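# A closer look at the structure
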Amino acid sequence: MALSTSSPPQKRAWWKESSIYQIYPASFCDSNADGIGDLPGILSKLDYIKTLGIDIVWVCPIYKSPQVDMGYDISDYKDIHEPYGSLGDVDAIIRGCHQRGMKFLMDLVVNHTSDQHKWFQESRKSKDNEYRDWYIWKKPRFGDNGIRQPPNNWGAVWGGSAWQYDETTEEYYLHIFAPEQPDLNWENPSVREAVHDIMRFWLDKGVDGFRMDVINFISKVPGLPDAPKTREDQEYQSGAKYFACGPRLHEYLLEMGKILQEYNAFSVGEMPCVDDPKEILNAVAFDRGELNMIFHFEIVEIDIGSRGKFSPKPWQMSTLKSICAKMFATFLALQSGTVFVYQGQELGMINLERSRPVEEYKDLETLNDWNETLERFSDDKEWLKIKKEEIWKKSRDNARTPMQWNNSPHAGFSTTIPWQRENSSYTEINAISQVNVEDSVFTYWSSLLALRKSRRDIFIYGNFELLDAEHNDVFAYLRTYEHQKVIVVVNMRKEGLKWTLPNGIALKEDGVLISNLGEITNKKGIIGLRPFEAFACFVS
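For the structure given in this document, a descriptive report is provided here. Along each chain, residue indices are assigned from 1 in the same order as the chain's sequence is written. Where local features are concerned, this predicted model is filtered to residues with pLDDT of at least 70; where side-chain atom pairs are given and counted, the filter is 80 or more; whole-chain, interface and lining totals use all residues. Computation of side-chain values covers all heavy atoms of the structure but excludes hydrogens and water.

Turning next to the sheet that holds strand 10 (residues 163-166). Strand pairing follows a simple DSSP-based rule, namely that at least 2 bridges must link the two strands. Numbering of helices and strands runs from the N terminus, with a helix taken as a DSSP run of H or I at least four residues long and a strand as a DSSP run of E at least two residues long. The 3 strands are arranged 7-11-10 in an open sheet whose pairing can be described as antiparallel. Looking at the sheet topology across the chains shown, the edges are occupied by strand 7 (137-138) and strand 10. For strand 7 and strand 11 (residues 171-174), the ladder comprises 2 bridges, and the chain directions are antiparallel. Along strand 11, the bridge assignment pairs Lys 138 with Tyr 172.

This is the structure in structure tokens:
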């Protein structure tokens, strides 16, 4: 069985052919020995990033922030979080990227601000303040018992109600995330004008585009109705049905897209909680002028159980293949996925040690969930054990430990104790042991990115055909451009196995483009796959 997508000729664009490197600034490189990564540290590593074969450097939020949610709570969009550096440091990074033939991408977090932003500080002063309507305020509801209640039953992503009561004006404000992250009211034209001004401020400084945080949350359904009950174990329910992809989303995206087009700038939108392919197509269609591409979350959610992110859910390879096939079928006619490499991925950095206590984690989402679990289920030892295991697997802190530059103390990230303890794997997994070293993970990644560029017709603009979709161990597919065909085969298991090439497909002799384990074992169309073997080869 094969699932395939064939498409009309692809419209070419520089951003489709680019490889992007994502930097988490607090954990990348500390230049001044305060235990926190910073902008001069990033500047010092641009040659390393270029060596990997990267075209665009994306830095997670670096704006002025109280850091309740690691910078995704912004108090000033035109200034820099002081421990990271200054506006001058950003200018230096932009110049450094451009001098090396790379572009620079910033995070744009405009669904919400920090509660310390001057807009919100004004908004909460009084009901007639000029900034009052910049945020979403509602009167309380009262139950039959006369007890004050939030305006609806929406739950916040980080736990509890999505509404926070403010004593000064005796109303609630909406916060889809933490109480310190109030949602902006995009229905207000002044809010949209302010966001457009922020975009122009950075684009004028030479920034080449934005990654847009939860950008599909900016339009909410009018009236903000109660959400359907989907979690019996929770008082508050997900309101995503009413705040993800609201009725004016594409209008707002189009306004932003016009600004980006003026600068030939690039955009990637984070769009969680989207089930309707039409919404995705409308957001990224080449000729619509909204977003260039999106991050979709269906695969990320494949192992999330019925009790939220930190609950288990068994899954099969066939399920993963089904999701990938849908994604390719939906997106491929518009874009062949641009590669994003997260810092340390090119080295094979791994999750935190299982033994690390949850109390040492720093992530707001993780800690809120764990504390709520302790409060409600302290006597359920089995559930606490399961929860700890899921936190180890899924916490965002797995990706936020210090970058592992060498095997010196603190992984070469800093000369002092870091803001988050380094992963103990740094003694073996680090950059200095891999750059320009044959057969290293870094070198393999570099080869893959170079192959993608040298064969861009196939790997960027070619059609996709999923092979043997029901197989639970092997992920295989064809990429085709005109008369050229390449098969990619991956054994996802720690055991070796034999896999039979589909009828009509034969590996070309001397056609191997890349292989992580060297020579391929092929006997009359039966491939002997070693544990975790992967290769790409021309076929006839």
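The rest of the description comes next.
Let's shift gears to the side chain of His 410. Within the element layout of this structure, His 410 appears in the loop between helix 11 (381-394) and helix 12 (441-454). Contact partners of His 410, with chain neighbours within four places excluded, come to Thr 415, Thr 416, Ile 417, Pro 418, Glu 422 and Tyr 426. The contact criterion used throughout is that any non-hydrogen atoms of two residues lie within 4.5 Å.

A word on the packing of helix 5 (residues 189-204) against helix 7 (residues 249-262). To get an axis, a line is fitted to the C-alpha atoms, and for a helix only the part in contact is used. The angle between two axes follows their N-to-C directions and goes from 0 to 180 degrees. In the contact formed by helix 5 and helix 7, the axes pass within 11 Å of each other and the chain directions differ by 25°. When the axis of helix 5 is compared with that of helix 7, the two are roughly parallel. Crossing of helix 5 against helix 7: the hand is right-handed. For the pair helix 5 and helix 7, the contacting residues are Arg 192, Val 195, His 196, Met 199, Arg 200 and Leu 203 in the first and Glu 251, Tyr 252, Glu 255, Met 256, Ile 259, Leu 260 and Glu 262 in the second. Our angle categories are set so that under 35 degrees counts as roughly parallel, over 145 as roughly antiparallel, 65 to 115 as roughly perpendicular, and the remainder as oblique. Two helices that cross are described as forming a left-handed crossing if the nearer one is turned anticlockwise from the farther one by less than a right angle, and a right-handed crossing if clockwise.

Estimated volume of the second largest pocket: approximately 270 Å³. Trp 15, Gln 261, Ala 265, Phe 286 and Asn 292 are the residues nearest the centre of the second largest pocket, which is lined by 16 residues in total. Here the lining of the second largest pocket gets 3 residues from one element, more than from any other, and that element is helix 7. Of the residues assigned to the lining of the second largest pocket, the class counts are 9 nonpolar, 6 polar and 1 charged. For each structure, a 1 Å grid was placed over the protein atoms alone; sets of points admitting a 1.4 Å probe that cannot get out are labelled cavities, open sets with protein on both sides within 12 Å along at least five of seven lines are labelled pockets, and lining residues have an atom within 4 Å of a point. Grid points are joined across faces, edges and corners, and a volume is the space filled by probe spheres set on the points. By the convention adopted, Pro, Cys, Tyr, Trp, Phe, Met, Ile, Leu, Val and Ala count as nonpolar, Lys, Arg, Asp and Glu as charged, and the other residues, Gly among them, as polar.

Scope: geometric values only; no functional claims are made or implied.
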